[in-house]
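Each chain is listed here by its residues.
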Amino acid sequence: MRCQYLLLLFLSLGGSAVEVQRPRGVPLSKRQFYEEDKPFTCLDGSHTIPFDRVNDDYCDCQDGSDEPGTAACPNGSFYCTNTGFRPAFIPSSRINDGICDCCDTTDEYNSGAACQNTCRELGLKEKESLQKMAEIAKEGFLLKQQLIQEAKRGLEEKKTKLGDVEASKKELENTVEALRTVKETAEQPEREAKERHLKAWEDVKAVARLEKDKAKMAEAFLELDDDADGFISVAELLSHSELDPNSDGSFEETEAQELLGGVHKVDTVTFDGVWNKIKEEYRSEAKADAPPVVESPHEEVKEPVSDNESEQYPEDDFHEEDDDDEEEDDDDDPDEGDDYKSPPVKHAEEKKDEDDAGAMPPYDEETQNLIDSAQKARDEFDEAERSLQEVDEQIRNLQKEISFDFGPSAEFSYLYSQCYELTTGEYIYRFCPFHKVTQKPKYGGSETNLGSWGKWAGPDDNVYSVMMYEHGTGCWQGPNRSTRVKLSCGKETVVTSTSEPSRCEYLMEFTTPAVCQEPQSLDSFLHEHVEL
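Residues numbered from 1 in each chain as written. Predicted model: local features only at pLDDT ≥ 70, side-chain atom pairs only at ≥ 80, totals over all residues. Heavy atoms only, no water.

Take the overall build of the protein chain next. Counting its regular elements, the protein chain contains 8 helices and 14 strands. Buried positions account for 34% of the 532 residues belonging to the protein chain. The contacts of the protein chain with a sequence gap of at least 6 include a subset with a gap of at least 24, amounting to 51%. When the accessible surface of the protein chain is split by element, carbon and sulfur atoms take 49% of a total near 32,100 Å². (Helix = DSSP H or I, 4+ residues; strand = E, 2+ residues; numbered from the N terminus. Buried < 20%, exposed > 50% of the residue type's maximum accessible area, 1.4 Å probe, protein only. Contact = heavy atoms within 4.5 Å. Areas by Shrake-Rupley, 256 points an atom, 1.4 Å probe, with all protein chains shown as cover.)

In terms of strand pairing, strand β8 (residues 427–432) meets strand β9 (residues 436–441) through 6 bridges, oriented antiparallel. For I428, the partnering residue across the bridge sits in β9 and is K440. Adjacent in sequence and paired antiparallel, β8 and β9 are bridged by 3 residues, among which F434 carries a positive phi angle near 70°. Bridging between β9 and strand β10 (residues 448–456) involves 4 bridges; their strand directions are antiparallel. Note that in β10 the partner of Q439 across the bridge is T448. Between β9 and β10, which follow one another and run antiparallel, lie 6 residues, and G444 among them has a positive phi close to 105°. (Pairing = 2+ DSSP bridges.)

The terminal C-alpha atoms of helix α8 (residues 365–403), which comprises 39 residues, lie 57 Å apart, in line with the 57 Å expected from a rise of 1.5 Å per residue. For α8, the side-chain oxygen to backbone nitrogen distance between the N-cap and E366 is 3.1 Å, and the N-cap itself is D364. (Expected span 1.5 Å × (residues − 1). Polar contact = N/O pair within 3.5 Å; in protein donor to acceptor, adjacent residues only side chain to side chain.)

As a further point, take the sheet that holds strand β12 (residues 482–489). As summarised here, the arrangement of the 8 strands in space is β7-β8-β9-β10-β11-β12-β14-β13, forming an open sheet in which the pairing is mixed. Each end of this open sheet is capped by a strand with a single partner; those strands are β7 (420–423) and β13 (494–502). Adjacent strand axes in the sheet meet at a mean angle of 25°, parallel and antiparallel pairs treated alike. (Axes fitted to C-alpha atoms, helices over the stretch in contact; angles between N-to-C directions.)

Below is the structure:
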């Protein structure tokens, strides 16, 4: 349509336009309905009137078609020829109202208004504007051709790269499996050596606990032997009410005798069996006034950690949400195999027993060497596995870009990794094509998502003229934010404006050479019909 206007200007300014006679206010396209030698039929077909009643300043037709050149019909329209500029329609109510609406002054033919014909000046200005637009369209289309060629080269490069990466993935998969075998092979002797070390330490602690228990038993015997005759009698045992088997507050002789094994008294040799029955409940008189021992929070027994083992089981960021990978991580830990059980929870008394035995000694040189070898194998396996995951991610990204809809000739592909900003009085808008649109307060504040890439949303005949971004940050008691990005032809790629036509629904204007169409030559319109 703009090209038709341009042609009209050339024809009008060149003096080649010929004015065709017709009633005032009638466009050339409807001239055949207004023939002076025939009655006039209202354009809505309602009825027919003599032609001399056309433009007689009285409205006969309901559609106002009998008064195209007067203000008699409230729903009529007046056609401004505007020779030298663009023709236009105005409401009939503006005819002869003293204000010049048509640049050729034809709407004020009987008002006495002093109007100047400005059509030629307006035509010249619009001609200059249209010529500039034509130049921009031409340059933009040339840039678009370059973008298409670059996109083709880029697509071929991506396909080649994808093939190379897929080939490297196969090699890396073989490497990972080989390193997995090395790791598992190294972890088996490491696990066995650490278990031997732990068992030896448990044996040491067991001996220490046994010695301590014997000492406590000897101390208890002396304390219970009130008459120091070398025997513990029923009467002496009854002095410790905490040993009452049923804790009913009545510690009887029969119950005490039962604890002594059915006899009246025991010596140091036979007290061993009695001690095993009473040691959990027995309270030393010497410690009766001491505060009770409070159990410490549950803790796991920690093994000594060598310098090389300090980072033996690092967290793997790649496995945080992957069940399969978590299972592999379990296999990587030599202390967490199928037969591994967590150390029992230690209470205060047990902890004290362990402290009495001292800290667990460091690993011997042979065991430490096995740990170091296994850790090296784990590190090499983890590094290879991370590399494989990075390759998988690279393949996914390449496949996504290769299959992505970047336009009929992939002319929009250059936008994929770019972002563009527009700063207004209050906000900074950031547009990342095929990703998202955001808004951030200019003077500080959090960023708001105005929508993530959804689809091409232009009309059927120009679907690549509008981009739709959806599912942005939700509005308070309203819908999620969304943004329509309207694309127009331009030599530069830039965001030109943003607005919010409806609540939480944004409109962004964006220019890019990727939407420029091949400009039609002026000569192609010479045979077209142009309204004068």
